[in-house]
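Coordinate analysis (summary)
The lines below spell out each chain.
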Amino acid sequence: MAALNVLVVDEFDSERLLETSLRQHGCEVLTLKLKEVNMLQIVQTLHPDVVVLNLYTPSETVLKMIIEINHSYSLPVVIFAEDQQTETINKVIKAGVSAYIVDGLDAKRIKSIVDIAIARFKEQHALKEELKKTKTQLEDRKLVDRAKAILIKSQGYTEDQAYHALRKLAMDRNIAIGEMAKNVISMAELFNK
């Protein structure tokens, strides 16, 4: 199994507890200071498996970068912080952080926290993908029903005939039936103008 590639962004001039602990567990670690970092650019270059931040509190700039990272690269982000205000926790959750640990920088727990955050991230990612797939299927179903109605009205087909006509057209053109339904709807709209 390949070593976990970890980007650590540390606000403190500490004894590099995160880096040391993760290296002891066989992780490849790059540690950078918070003020030197354009996280999005570094993530784009390094493609880490996880980003771990050690801060007093996540600033708006850091939260925006996390949102951009999640939007562009979709990877787990773990934050160790001192700030335990409810408002901060809510902002962090909305930004898509996989784990937010308050006052929990304990060398014995770091690797397990990172592993749990990665597992949680993967589970949430799978759920999001399933939701996206279901929404697409539902949208396609609506389009197919609308296209069938057009074919029934314009060609005098039964519902079964309309579906089979759509399906055959889609197969002949090697496209999804939802895409074919969009084409039929577009053509109907064009002719009805």
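Look up a bit, the structure's there.
Read on for a plain summary of the structure. Since this is a predicted model, take the numbers as computed values, not measurements. Each chain carries its own residue numbering, running from 1 in the direction its sequence is written. Reporting in this predicted model follows two pLDDT cut-offs: at least 70 for local features of residues, and 80 or more for side-chain atom pairs to be given and counted; totals over whole chains, interfaces and linings ignore these cut-offs and use all residues. As a rule here, side-chain values come from all non-hydrogen atoms in the structure, and water together with hydrogens is ignored.

1. A short note on the overall build of the chain
Labels follow the DSSP assignment, with helices taken as runs of H or I lasting at least four residues and strands as runs of E lasting at least two, numbered in each case from the N terminus. For the chain, the count of helices and strands is seven helices and five strands. Counting helices and strands in the order they occur from the N terminus, the chain gives β-α-β-α-β-α-β-α-β-α-α-α. Only C-alpha atoms enter the radius of gyration, while the globule expectation follows 2.2 Å times N to the 0.38, with N the number of residues. In terms of overall dimensions, the chain is more spread out than a globule: its C-alpha atoms have a radius of gyration of 25 Å, far above the 16 Å expected for 193 residues. In terms of its C-alpha atoms, the chain occupies a principal-axis envelope of roughly 75 × 40 × 25 Å. Throughout, exposure labels follow a simple rule: accessible area from a 1.4 Å probe, protein chains only, divided by the maximum for the residue type, with under 20% read as buried, over 50% as exposed, and the rest as partly exposed. In the chain, buried positions account for 38% of the 193 residues. Only heavy atoms enter the contact rule, under which two residues are in contact if any of them lie within 4.5 Å. When contacts within the chain are restricted to residue pairs at least 6 apart in sequence, those whose partners lie at least 24 apart make up 60%. Working definition of accessibility: Shrake-Rupley area with a 1.4 Å probe, residue cover restricted to the visible protein chains. As presented, the chain carries roughly 12,200 Å² of accessible surface, and 52% of it is formed by carbon and sulfur atoms.

2. Some words on the side chain of Lys148
Secondary-structure assignment places Lys148 in helix H5 (residues 107-155). Exposure remark for Lys148: the relative accessible area of 10% places this residue in the buried category. Counted as a polar contact is a pair of N or O atoms within 3.5 Å, where, for protein atoms, one must be capable of donating a hydrogen and the other of accepting one, and residues adjacent in sequence contribute only when both atoms are in side chains. A polar contact is formed between the side chain of Lys148 and the side chain of Glu159, at a distance of 3.0 Å. Apart from residues lying up to four places away in sequence, Lys148 is in contact with Glu159, Ala162, Tyr163 and Leu166.

3. With respect to the pattern of salt bridges
Salt-bridge detection follows one rule: a side-chain nitrogen of Lys or Arg within 4 Å of a carboxyl oxygen of Asp or Glu. Tallied over the entire structure, the rule returns eleven salt bridges. Glu60 is the partner of Lys91 in a salt bridge, and the nearest nitrogen-oxygen pair spans 3.0 Å. With a gap of 31 residues between them, Lys91 in helix H4 (residues 86-95) and Glu60 in helix H3 (residues 60-72) connect regions that are remote in the sequence. Taking relative accessible area as the criterion, Lys91 reaches 33% and is therefore assigned partly exposed. Given the relative accessible area of 45%, Glu60 is considered partly exposed. Across the pair Glu159 and Lys148 runs a salt bridge whose closest N-O atoms are separated by 3.0 Å. Taken together, the residues Glu159 in helix H6 (residues 159-173) and Lys148 in helix H5 connect sequence positions eleven residues apart. Connected through shared salt-bridge partners, Arg141, Asp145, Lys148 and Glu159 make up one network.

4. Section: the sheet that holds strand S1 (residues 5-10)
Pairing is parallel in the open sheet, where five strands are placed in the order S2-S1-S3-S4-S5. Here the strands that pair on one side only, and so sit at the sheet edges, are strand S2 (28-33) and strand S5 (99-102). The average angle at which neighbouring strand axes cross in this sheet is 15 degrees, direction not considered. Across five bridges, strand S3 (residues 50-55) lies against strand S4 (residues 77-81) in parallel orientation. The residue of S4 that forms the bridge with Leu55 is Ala81. In this scheme, strands are said to pair when DSSP sees at least two bridges between them. Lines fitted to C-alpha atoms define the axes here, with helix axes fitted over just the stretch in contact, and angles between the N-to-C directions of these axes take values from 0 to 180 degrees.

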